[in-house]
Amino acid sequence: MPEYPVDESVDITDVVCPVTFVKAKVAMEELEEGQVISIRMNEGEPVQNVPRSIKDEGHQILKLIDNKDGTCSLIVRKGREDA
Amino acid sequence: MIFSNAQMERYSRHIILKEVGVKGQKRLMESRVLIVGAGGLGSPAALYLAAAGVGVIGIADADAVDLSNLQRQVLHGAADVGKPKVDSAREAMEAVNPDIKVNAHRIFVNANNVLDLIENYDFVIDGTDNFPAKFLINDACVLARKPFSHAGIIRFQGQLMTYVPGAGPCYRCVFETPPPPDAVPTCRQAGVIGAVAGVIGSLQAMEAVKYIVGIGQLLTGSLLTYDALAMEFRKLKLPRRDDCAVCGDSPSIVKPFDYEATVCEVSL
């Protein structure tokens, strides 16, 4: 797991595209601006697409951590509302 | 988590959109829309709003399904002929989305019941097929300060406009009074292409969605006309009239009233 101060975490390994991004987006909705979330996702397609979509929404990608179990954890800081 | 995994999947195409997102979908799920008329216009509007997850959909119609309805009223199927339209409408909407609540109002909307009917809804869709009903819904919505979508279709043509209190004209600003009976044929007499109802009813659903989510430009202050044969949409700018009998500065209409409907119109 990420050695990073996170306020919230969400696991999107149980859903497939495009619900991966949707589930991450729904989880981020609960956060305040500036809070940090860890998003656990499967390697491959989610790692290709989810970070890009999250960036497009105006959030800040802090780090992508390889969990060495076929999953990665994306550490994101929530951006401005309606950014 | 606000949504279940199934809801996230069902509404994923909404939530992905920046303009809708989680907040917009929540607004849709918390909204209440009334559709007056389970016919050609009401059918696509009802199906799309049900699919969109509008929390409560009211559908008002006193008629039963007739075989001649099926050419355009896609809420109803062959097995529904003879059944109250509101019942088959409810079944069709619940089949699309079991999460929503459907209120079936098996009534003819008139001056005595219209205010009570619209009171509990956030937005009204006028899917009726006759002028007395259209003026009645307009007057009631203006008096109750309720936003609504007007539409009408005939032959290969359709039109719609959106009324929001305080923004632009009402239907009566544009059309002061109903035309004399028989001056304009009903769609029973004149005919209509089913897909025209599909186009215009879908646009009404779109206006409702935009109003609820709070995005984009509504058809307030404009009448959109559609000519299917020429394949032309036109948007006519229309002002609010200060001397409008219902939404003007000193209105003479202070409560809803019924125009007399012709016998033919009533059973349409």
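That block above? That's the structure.
Residues numbered from 1 in each chain as written. Chains lettered and ligands numbered in written order. Predicted model: local features only at pLDDT ≥ 70, side-chain atom pairs only at ≥ 80, totals over all residues. Heavy atoms only, no water.

**Q** So what exactly am I meant to see when it comes to the overall build of chain A here?
**A** In terms of helices and strands, chain A carries two helices and four strands. Going residue by residue from the N terminus, the α and β elements of chain A occur as β-α-β-α-β-β. The C-alpha radius of gyration of chain A comes to 11 Å, within 12% of the 12 Å expected for a compact globule of 83 residues. The C-alpha extent of chain A, read off along each of the three principal axes, is 30 × 30 × 15 Å. When burial is assessed residue by residue, chain A has 45% of its 83 residues classed as buried. Residue pairs in contact within chain A that sit at least 24 positions apart in sequence constitute 64% of those at least 6 positions apart. Carbon together with sulfur atoms contributes 44% to the accessible area of chain A, which is approximately 4,300 Å² in total. (Helix = DSSP H or I, 4+ residues; strand = E, 2+ residues; numbered from the N terminus. Rg over C-alpha atoms; globule rule 2.2 N^0.38 Å. Buried < 20%, exposed > 50% of the residue type's maximum accessible area, 1.4 Å probe, protein only. Contact = heavy atoms within 4.5 Å. Areas by Shrake-Rupley, 256 points an atom, 1.4 Å probe, with all protein chains shown as cover.)

**Q** What is the right way to look at unusual backbone geometry in this model?
**A** Most peptide bonds take the trans configuration, and most residues that are not glycine carry a negative phi. For the bond from cysteine 17 of chain A to proline 18 of chain A, the omega torsion is 5 degrees, close enough to zero to count as cis. Considering the arrangement of structural elements, one finds proline 18 of chain A in the loop between strand E1 (8-11) and helix H1 (19-29). Despite not being glycine, arginine 155 of chain B shows a phi value in the positive range, around 50 degrees. Its location among the elements puts arginine 155 of chain B in the loop between strand E5 (148-154) and strand E6 (157-163).

**Q** It is not clear to me how the interface of chain A and chain B should be interpreted in this structure. Could you clarify?
**A** Note on interface size: it is often stated as the accessible area lost on association of the parts. Across the contact, 16 residues belong to chain A and 15 residues belong to chain B. Buried surface at the junction of chain A and chain B, both sides included, amounts to about 1,300 Å², of which 68% is carbon and sulfur. For the interface between chain A and chain B, the tally reads one salt bridge. Residue lysine 23 of chain B is joined to glutamate 29 of chain A by a salt bridge in which the shortest nitrogen-to-oxygen separation is 2.9 Å. (Buried area = accessible area lost by both parts, 1.4 Å probe. Salt bridge = Lys/Arg side-chain N within 4 Å of Asp/Glu carboxyl O.)

**Q** Explain the side chain of serine 43 of chain B to me, please; I cannot follow it from the model alone.
**A** All names here are of chain B. Here serine 43 is to be found in helix H4 (residues 42-52). By relative accessible area, which is 0% here, serine 43 ends up buried. Polar contacts involving the side chain of serine 43 include one to the main-chain amide nitrogen of leucine 75, which spans 3.2 Å. Apart from residues lying up to four places away in sequence, serine 43 is in contact with Ala38, Gln73, Val74 and Leu75. (Polar contact = N/O pair within 3.5 Å; in protein donor to acceptor, adjacent residues only side chain to side chain.)

**Q** What's the story with the environment of valine 26 of chain A in this structure? I'm lost.
**A** In this structure, valine 26 of chain A sits in helix H1. Expressed as a C-alpha distance, the spacing of valine 26 of chain A and leucine 62 of chain A, which sit 36 residues apart in the sequence, is 19 Å.

**Q** Hey, could you run me through the packing of H4 of chain B against helix H10 (residues 194-213) of chain B in this one?
**A** For any two helices packed against each other, the geometry is given by the interaxial angle and the distance between the axes. Residues and elements named next belong to chain B. Two elements in contact, H4 and H10, have axes whose closest approach is 7 Å; the angle formed by their N-to-C orientations is 40 degrees. Overall, the two elements H4 and H10 adopt an arrangement that is oblique. When the axes of H4 and H10 are compared, the crossing they make is right-handed. Residues Pro44, Ala45, Tyr48 and Leu49 of H4 touch H10, and the partners they reach there are Ala197, Gly198, Gly201, Ser202, Ala205, Ala208 and Val209. (Axes fitted to C-alpha atoms, helices over the stretch in contact; angles between N-to-C directions. Parallel < 35°, antiparallel > 145°, perpendicular 65-115°, else oblique. Left-handed = near helix turned anticlockwise from the far one by under 90°.)

**Q** Looking at this structure, I do not really get the packing of aromatic side chains. What am I missing?
**A** In this description, a pair of aromatic rings is defined by centroid distance and the angle of the planes. All names here are of chain B. Applying the stated criterion across every chain, the model contains seven aromatic pairs over all chains. Three or more aromatic residues joined by ring pairs form one cluster here, namely Phe135, Tyr171, Phe175, Phe257 and Tyr259. Above the plane of the ring of tyrosine 121 lies arginine 32, whose end atom (NZ or CZ) is 5.6 Å from the centre. (Phe/Tyr/Trp six-rings, centres within 6.5 Å; stacked < 30°, edge-to-face > 60°. Lys NZ or Arg CZ within 6 Å of the ring centre and 35° of its normal.)

**Q** Just to check I follow, could you spell out the packing of H1 of chain A against helix H2 (residues 45-56) of chain A for this structure?
**A** Residue and element names in this part refer to chain A. One can describe the packing of H1 onto H2 by two numbers: an axis separation of 9 Å at closest approach and a directional angle of 40 degrees. Here H2 runs oblique to H1, going by the angle between their axes. For the pair H1 and H2, the crossing hand works out as right-handed. Every residue of H2 that contacts H1 at Thr20, Phe21, Ala24 and Met28 is listed here: Pro46, Val50, Ser53 and Ile54. Classifying every residue of the contact of H1 with H2 gives six nonpolar, two polar and no charged. (Nonpolar A, V, L, I, M, F, W, Y, C, P; charged D, E, K, R; others polar.)

**Q** Sorry if this is basic, but what is going on with the sheet that holds strand E4 (residues 71-77) of chain A here?
**A** Residues and elements named next belong to chain A. If you walk across this open sheet you meet the four strands as E1-E2-E4-E3, and the pairing is mixed. Edge strands, defined here as strands with exactly one partner in the open sheet, are E1 and strand E3 (60-66). The average angle at which neighbouring strand axes cross in this sheet is 20 degrees, direction not considered. (Pairing = 2+ DSSP bridges.)

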